[in-house]
Amino acid sequence: MPDLGKYADAVLSAYGVSIVLLVLLVALSLRQGRRARRALQDVEKRSKPNA
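(A) Region of interest: the overall build of the protein. Broken down by element type, the protein carries 1 helix and 0 strands. The C-alpha atoms of the protein give 22 Å as radius of gyration, which overshoots the globular expectation for 51 residues (10 Å, by more than 25%). The buried share among the 51 residues of the protein stands at 2%.

(B) Looking closely at a nonpolar patch on the surface. A cluster of nonpolar side chains, contributed by Val 17, Leu 21, Leu 24 and Leu 28, occupies part of the molecular surface with about 370 Å² of accessible area. Of note, Leu 28 is situated in helix α1 (residues 8–47).

(C) Examining the environment of Glu 44 more closely. By secondary structure assignment, the location of Glu 44 is in helix α1. Among the residues examined, Glu 44 registers a relative accessible area of 46% and is labelled partly exposed. Residues Glu 44 and Ala 27 lie 17 residues apart in sequence; the distance between their C-alpha atoms is 26 Å.

(D) Quick look at a positive patch on the surface. Taken together, the side chains of Arg 31, Arg 34, Arg 35, Arg 37 and Arg 38 make up a positively charged region of the molecular surface. Among the secondary structure elements, Arg 38 is positioned in helix α1.

Definitions and cut-offs
- Residues numbered from 1 in each chain as written.
- Predicted model: local features only at pLDDT ≥ 70, side-chain atom pairs only at ≥ 80, totals over all residues.
- Heavy atoms only, no water.
- Helix = DSSP H or I, 4+ residues; strand = E, 2+ residues; numbered from the N terminus.
- Rg over C-alpha atoms; globule rule 2.2 N^0.38 Å.
- Buried < 20%, exposed > 50% of the residue type's maximum accessible area, 1.4 Å probe, protein only.
- Patch = residues over 30% accessible without salt bridge, like charges linked within 9 Å, V, L, I, M, F, W, Y side chains within 5 Å.
- Areas by Shrake-Rupley, 256 points an atom, 1.4 Å probe, with all protein chains shown as cover.
- Salt bridge = Lys/Arg side-chain N within 4 Å of Asp/Glu carboxyl O.
- Lys, Arg positive; Asp, Glu negative; His and termini not counted.
- Charge placed at Lys NZ, Arg CZ, Asp CG, Glu CD.

Nothing here speaks to function; it is all geometry.
In structure tokens form, the structure reads like this:
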């Protein structure tokens, strides 16, 4: 790891915050995708005629 000198705390905390935000964004996207898939399945079930 390169020597960051007096900026080490700022740089490492920025990396930490960025990683946390990326993980949060991925988790929210997966959750929203599951919710949308479930909603589409419900619509498909209601639109199919009873056989």
